[in-house]
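Structural overview
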Amino acid sequence: MNDPMFATSLISRSELAELAGVNSATFKIWENRHTDFPGPVATDDRGRQYYDLARTLEWLDRRRIPSGLRDGEHEGFTYGMRVRRELAAQQRRRLAEIEEPDDSPKLATVVRDLLELLRKWGRGRSSSNTDRITAAMCMIFLRVCDPESWEELKRLAQTPSTQPQVLTRLGRHLDAAVRRYGIAVNMSPILGSLRPQPSAEVKRLFEIIQVLGPRAVAYLVQRYDAEAELGSTEYFTPPAVVDLMVGAVVDPTADSAVLYDPHIRGGELLRSAAGRYQPGCLITAHGNGPNPDLLRLAGLSLATVGTAATLRPGTSAPWITDDSAVHLADVVITNPPFNLKSEYGDDNISVAWPFGDPPPHNDNYAWLQHAISKLRPTGRAAVLMPARAGLSSNRSEREIRQRMVEAGAVQAIIALPDRLFRGTDLAGTIWVLQHPKGSATAVTFIDARLAGVAASGGRNRLPQDVVAAVIEQLDAADALPPGPTRMLTPNCHAIVVTPRGIRAAEYALDPSSYRQSSERQHQGELLRMAKEARTVAHTSADVVARATKRIERIELRPWLPSEWQVRRLEDVCDIQPGPSPSHVRKEHRTAEGIPIILNKHLRDRRIVLDEFECLGQDQMRQLEQFILHVGDIVVVRTGAVGDPVIVTQEHAGSLLGPNLIRLRVRETDLDPHYLLSFLSRPGILQWMQGRSSGSVVYSITAKALGKLEMTIPPIAEQQATGSALSAYDEQIAAYHDALEAAKKARAAVAEGLIAGEIGVREQPRGSV
């Protein structure tokens, strides 16, 4: 070949013909008849001609297939789209051969090593964290989507004399490869600015990427979402909501599918939807989005899972701009901006709305109608909407709802918990829509508003068991008769409502309007929760009774015994501040591994790990001195001052957090429980606050804490003191556990009682 460096971006005429579904003679005719057809650019030793694939695809994108459409192709489908689709199918077959770490913490560690390497190479230059994430995705993309180029570059990386050239060539190969997939990205400047030191690190780069693939790209997309300062119209859809939307509309048994997201964000919905189909399914994806950086991210993400995607720069009003490339889709799935009006609000622009003109104050009902207008007769759509959209009293919106219901376009409404989405506290609702049936059909209403559980950053998350239960309900909805509310999980309910019932509620599309008497399917769960609350209350009463007996032994002393000592903490304890924050950075944390004890976990003189993050074992090499042992005392170093805690067997082996200090008793005549009791005194907490080195936020140094003087009685008396005071702690903990159990039971039992799922036995006369 003339230029072996670009051999992998070239393709023979016979290969192109096979992918496009035409014979080689047709290509020769195109070349002779059309002056703009990109002719051959290279010839091998046997005289076989090769074409630049990227340039040829650009030409084929303008040539529609006149007849002989295949499954999943529609009127207006181009030869370029067909070739990309076939290339993507080949890509999915290659994906089956890629072996990635199947352990999430290990995968996260490898990706972090890659990003750290890129950070070192770009130090002092203008590249950002998101640039490095994009660069990492591009490299994995090349490894997955253009293995021949990757192997060529990997060989060059093994030789010191050619290592300095590798990144420049990598950028050129990338730019050629992404054009083949229709992705607008130019990585040469970013990769060219990296400076490996020493050059042998180039070899290390290829070793890291060699074990990465689509799962690593999915992890990088999440990292991008966390690092980029995305606005409310750009933040990515939470993974559990993605799973729910995809599960609601995708038929995984289909042989072919056309997917469409008119507001693509990071491509998370299309990527997940494509991943639900069987390996042999022919998938075509379309997406619009106003942010070119996110379009690029989505394109890379979709390409690495073998999905042919046509992604175009769009606007916030795709129903107005030209999207003729999207004919009709099997699945429309989107998370559009909530309650916003696009810049295309010109009254002079006419759109043929299927159910009526949306009101001028926002585009909520424009998005819903646009989704329906893009569905095939058997297609379904999942559209995220603000919670109030289904109850709006606006006359235009109420009339549109009425027409949608009467046309049979609404299949299900799923109310979600609030605070799921970054950037807003608003609750959302998933509208599951279908191509209009011509007459009204029953609608499934699912109320999951109380199903959220606390996550980090004051957000909520949707548990996977709720997602699975909702999808199962939707799959069975056609077989279920309209009727009473069904409990899917203790905090998630469903009901199938007839058109007559919806008319009676004046076309309100919100689950709260249709709660009725429930079937008695899950009475046992409600009664179990009530019984559990009773058991906890009885257990708590026993704990309190035993603790009270210890408290009653406390008596007044008229003098300080002579055998008591006064010692400084530094004389009786090893005092260890927590590790530097750089050793436990957010990007190093994982869902599994060694739990990190943070300030928020210190409650009521005990450690409560209701939500936490971990470090993997490989990150712990330099952190051994921060591992907690049984009997260690942990106090706040920086932040809001709270009670110290003692480490029990349950949390031994955890990692001390950066803003904490660990005290470890080294004297055999000092009991850790007594030390905890001493440090918990209000006067001691005030002493610590008075020695804060921070002017705004409380912060105390280990040296300052070590100067604290404490009274130390004989060991037997220390143990008696610790036992008496821990009795109060046990009472507090017991009351707290009983309170929490009672709260949960009350919420669930109230729902069951009011819905008629459970009842209260009548008491005999005269009983209480």
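Here's what I pulled together on the structure shown here. (Residues numbered from 1 in each chain as written. Predicted model: local features only at pLDDT ≥ 70, side-chain atom pairs only at ≥ 80, totals over all residues. Heavy atoms only, no water.)

Per the secondary structure count, the protein chain includes 24 helices and 27 strands. Going through the 768 residues of the protein chain one by one, you find that 52% of them count as buried. A separation of at least 24 residues holds for 75% of the contacts in the protein chain among residues at least 6 apart in sequence. Looking at the protein chain as shown, the accessible area adds up to about 35200 Å², and 50% of this sits on carbon and sulfur atoms. (Helix = DSSP H or I, 4+ residues; strand = E, 2+ residues; numbered from the N terminus. Buried < 20%, exposed > 50% of the residue type's maximum accessible area, 1.4 Å probe, protein only. Contact = heavy atoms within 4.5 Å. Areas by Shrake-Rupley, 256 points an atom, 1.4 Å probe, with all protein chains shown as cover.)

One open sheet holds the 4 strands; their spatial order is β17-β26-β23-β24, and the pairing between them is antiparallel. Every other strand in the sheet has two partners, leaving β17 (573–577) and β24 (645–646) as the edge strands with one partner each. Sitting on the sheet, helix α21 (residues 672–679) touches β17, β23 (633–636), β24 and β26 (660–665), and the angle it makes with β23 is about 20°. (Pairing = 2+ DSSP bridges. Axes fitted to C-alpha atoms, helices over the stretch in contact; angles between N-to-C directions.)

Looking now at the packing of helix α6 (residues 129–145) against helix α11 (residues 214–227). Running from amino to carboxyl end, α6 crosses α11 at an angle of 165°, the nearest separation of the two axes being 10 Å. By the criterion of interaxial angle, the relationship of α6 to α11 is roughly antiparallel. Crossing angle aside, the handedness with which α6 passes α11 is left-handed. Taken together, the residues of α11 that come into contact with α6 (itself represented by N129, T130, I133, T134, A136, M137 and I140) are A216, V217, L220, V221, R223, Y224 and E227. Of the residues contributing to the contact of α6 with α11, the split by class is 9 nonpolar, 3 polar and 2 charged. (Parallel < 35°, antiparallel > 145°, perpendicular 65-115°, else oblique. Left-handed = near helix turned anticlockwise from the far one by under 90°. Nonpolar A, V, L, I, M, F, W, Y, C, P; charged D, E, K, R; others polar.)

Mapping A442 onto the fold places it in the loop between β10 (428–434) and β11 (443–447). Sequence separation of A442 and V410 is 32 residues, and the distance between their C-alpha atoms is 8.5 Å. Sequence-distant contacts of A442, defined by excluding residues within four places in its chain, comprise V410, Q411, V496, V497, T498 and P499.

It is worth spelling out the sheet that holds strand β18 (residues 589–590) at this point. Read across the sheet, 4 strands follow the order β18-β22-β19-β25 without closing on themselves; strand pairing throughout is mixed. A single partner strand is all that each edge strand has here, and the edge strands are β18 and β25 (655–656). When β18 meets strand β22 (residues 614–615), the two strands line up antiparallel, connected through 2 bridges. Residue pairing in the sheet places R589 in a bridge with L615 of β22.

Tracing the chain through its elements places V332 in strand β7 (residues 329–334). Look at V332 and you get buried, because its relative accessible area is 0%. For the pair formed by V332 and L375, sequence separation is 43 residues and the distance between their alpha carbons is 7.0 Å. Discounting chain neighbours no more than four positions away, the residues touching V332 are Y260, P262, A371, K374, L375, R380, A381 and A382.

Another point: the pattern of salt bridges. This structure, assessed with the given rule, holds 19 salt bridges. Between R119 and E116 there is a salt bridge; the shortest N-O distance is 2.4 Å. Placement of both R119 and E116 in helix α5 (residues 104–121) is noted, with a separation of 3 residues, approximately one turn of the helix. A salt bridge links R376 to D330, with the shortest nitrogen-to-oxygen separation between them at 3.3 Å. (Salt bridge = Lys/Arg side-chain N within 4 Å of Asp/Glu carboxyl O.)

Turning next to the pairing of β10. Here β10 lies mainly inside the structure; 7 of its 7 residues are buried. Alternating residues of β10 divide into G428, I430, V432 and Q434 and T429, W431 and L433, and every residue in both groups is buried. Where strand β8 (residues 375–386) and β10 come together, 7 bridges link them in antiparallel fashion. Counterpart to R380 in the pairing with β10 is Q434. Summarising the sheet, strand β9 (residues 410–415) and β10 pair through 5 bridges and their orientation is antiparallel.

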